[in-house]
Amino acid sequence: MKIAVGTKDFATVATHGGRTRRFLVYEAEAGADPVETGRIELTEAEVLHLCGDGRPHPIDAVRVVIAGSSGAGFVAHMRRRGIEPVTTTETDPVRAIRGWFAGTLEPAPEPEHPHEHHDGDGHHH
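All figures in this text were calculated on a predicted structure; none of them were measured in a lab. (Residues numbered from 1 in each chain as written. Predicted model: local features only at pLDDT ≥ 70, side-chain atom pairs only at ≥ 80, totals over all residues. Heavy atoms only, no water.)

Structural notes on the sheet that holds strand 1 (residues 2–7)
For the record, the criterion: Pairing between two strands requires that DSSP report at least two bridges joining them. Each helix is a run of DSSP H or I of at least 4 residues and each strand a run of E of at least 2, with the numbering of both proceeding from the N terminus. In this description, a line fitted to the C-alpha atoms serves as the axis of each element, helices being fitted only across the stretch in contact, and the angle between N-to-C directions of two axes falls anywhere from 0 to 180 degrees. Here, two residues are considered to be in contact whenever any of their heavy atoms come within 4.5 Å of each other.
Read from one edge to the other, the open sheet built from five strands follows the order 3-2-1-4-5, with strand pairing classed as mixed. Every other strand in the sheet has two partners, leaving strand 3 (35–41) and strand 5 (84–87) as the edge strands with one partner each. Taken over all neighbouring pairs, the strand axes of this sheet differ in orientation by 25 degrees on average, direction set aside. The pairing of strand 4 (residues 64–67) with strand 5 spans four bridges and is classified as parallel. Its bridge partner lying in strand 5, Ile-66 is registered against Val-86. The sheet strands contacting helix 1 (residues 72–80) are strand 4 and strand 5, and the helix crosses strand 5 at an angle near 150 degrees.

Shown next, in the form of structure tokens:
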């Protein structure tokens, strides 16, 4: 299955899934080492925090997205797209994927401000 890991720098797991612009894409299965198969680099307009659910998006090709702490809006956007959102305190993308498969991945704490909309987009949850 395809899993995307949000990164700050294509090396370390990003701390905010909804604002992340760089994703490593892996092909991964339980019991096997994840294999990086591509990268997604979003424009500012494509970041998941700002992108509506009704139009196609580069992230749609994956089944799971792993990132650091993410608000309820990010989680809801991913679920509406049929993508499982996963948050973690793990900073290594491959260890995060392995931990997710093993059921041992430490989830990220809820953000201090659970509803962050600084962009005035006007949608409600």
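Next comes the rest of the write-up.
Things to note about the packing of aromatic side chains
Rule in force here: Between 30 and 60 degrees the pair is tilted, below 30 it is stacked and above 60 it is edge-to-face, where a pair is any two Phe, Tyr or Trp rings, Trp via its six-membered ring, whose centres lie within 6.5 Å. Remark: exposure states derive from per-residue accessible area (1.4 Å probe, protein chains only) relative to the maximum for the residue type, with buried under 20%, exposed over 50%, and partly exposed in between. Our definition puts a charge over a ring when NZ of Lys or CZ of Arg is within 6 Å of the ring centre and also within 35 degrees of the ring normal.
Summed over the entire model, instances satisfying the criterion amount to one aromatic pair. Between Trp-100 and Phe-101, the ring centres sit 4.9 Å apart and the planes meet at 65 degrees, which makes this aromatic pair edge-to-face. Given a relative accessible area of 26%, Phe-101 falls into the partly exposed group. For the cation-ring pair, Arg-39 lies above Phe-10, with the distance from its terminal atom to the ring centre recorded as 4.6 Å.

Re the environment of Glu-41
We apply this condition: Identification of polar contacts relies on pairs of N or O atoms within 3.5 Å, with a donor-acceptor requirement for protein atoms, meaning one able to donate a hydrogen and the other able to accept it, and with residues adjacent in sequence counted only if both atoms are side-chain atoms.
Along the polypeptide, Glu-41 turns up in strand 3. Look past the residues within four positions of Glu-41 in its chain and what remains in contact with it is Phe-10, Arg-21, Arg-22 and Glu-46. Within the structure, the side chain of Glu-41 is placed 3.3 Å from the side chain of Arg-22, a separation counted as a polar contact.

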